[in-house]
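Given next are the chains, with one letter for each unit.
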Amino acid sequence: MNNEGKLEWFGGNQDALSMFRMFVTLAHTWDDLVDKDKETTEDAINTAFLICLVYLPVNSFYQTIQRDIMPMWISIVSAYQTANRFEKNKDAHGVEIAHVLRYAAGNIIAYAVHVCVGPDKAAEYMPDVWKAIVVERFDEYRKEHLHV
């Protein structure tokens, strides 16, 4: 999906789209640091810290929803830690659950879409939003983690 389509999800709010992009960057860097399947460059690490410490805190849309989503962050971090544990244990059922948990931060994006366009329009966009968030298909994920 192109950026114009994604901008539409956020009702034309450029700061909300920018937050979405920052979350994508953070998620990839966080994943690479934890699972160590790719080398994480110094630039990627510096960018992640800049996002957390500078760019998100000054993003006006993020400021608007920050208090609302703070409890979500606790659940998201817990979900991500649990997903990583399931991946390491190689338990088939756990890997199924891990695939879902890895995308928990998508709930913040879904919430942001609701805030920007309201519940009716958000319901229309949600299938595409979630497909953009959950980019890795389960079969690919399962093969990677269970080697089947």
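Whatever comes next refers back to the structure up there.
In short, a report on the structure. (Residues numbered from 1 in each chain as written. Predicted model: local features only at pLDDT ≥ 70, side-chain atom pairs only at ≥ 80, totals over all residues. Heavy atoms only, no water.)

1. Considering the overall build of the protein chain
Consideration 1: Each helix and strand counted, the protein chain has 7 helices and 0 strands in total.
Consideration 2: The C-alpha radius of gyration of the protein chain comes to 16 Å, within 12% of the 15 Å expected for a compact globule of 148 residues.
Consideration 3: Taken along the three principal axes of its C-alpha coordinates, the protein chain extends 45 × 35 × 30 Å.
Consideration 4: Counting only residues that meet the buried cut, the protein chain has 36% of its 148 residues in that class.
Consideration 5: A fraction of 66% describes how many contacts in the protein chain between residues 6 or more apart in sequence connect residues 24 or more apart. (Helix = DSSP H or I, 4+ residues; strand = E, 2+ residues; numbered from the N terminus. Rg over C-alpha atoms; globule rule 2.2 N^0.38 Å. Buried < 20%, exposed > 50% of the residue type's maximum accessible area, 1.4 Å probe, protein only. Contact = heavy atoms within 4.5 Å.)

2. Let's talk about the nonpolar core
Consideration 1: One finds Phe10 and Met19 to be the most contacted residues of the largest nonpolar core, which totals 31 residues.
Consideration 2: Ranked by residue count, the leading element in this core is helix α6 (residues 106-133), at 10 residues.
Consideration 3: Leaving out residues up to four positions away in the same chain, Met19 has contacts with Leu56, Asn59, Phe61, Tyr62, Ile65, Ile108, Ile109 and Ala112.
Consideration 4: Of all hydrophobic cores here, the second largest spans 5 residues; its members include Ala83, Val95, Ala98 and Tyr141. (Core = buried A, V, L, I, M, F, W, Y, C linked by side-chain atoms within 4.5 Å.)

3. Observations concerning the side chain of Asn59
Consideration 1: Mapped onto the elements, Asn59 comes out in the loop between α3 (42-58) and α4 (60-89).
Consideration 2: From its side chain, Asn59 meets the backbone oxygen of Asp15 in a polar contact 3.0 Å long.
Consideration 3: Ignoring anything within four residues of it in the chain, the contact list for Asn59 reads Asp15, Ser18, Met19 and Met22. (Polar contact = N/O pair within 3.5 Å; in protein donor to acceptor, adjacent residues only side chain to side chain.)

4. What about α6?
Consideration 1: Look at α6: only 6 Å from first C-alpha to last across 28 residues, short of the 40 Å you get at 1.5 Å a residue.
Consideration 2: Of all the bends found along α6, the most pronounced is centred on Gly118 and spans about 125°, while Pro119, a proline, follows it within four residues. (Expected span 1.5 Å × (residues − 1). Bend = angle between axes of the 7 residues up to and from the residue.)

Don't take any of this as a statement about function, it's just geometry.
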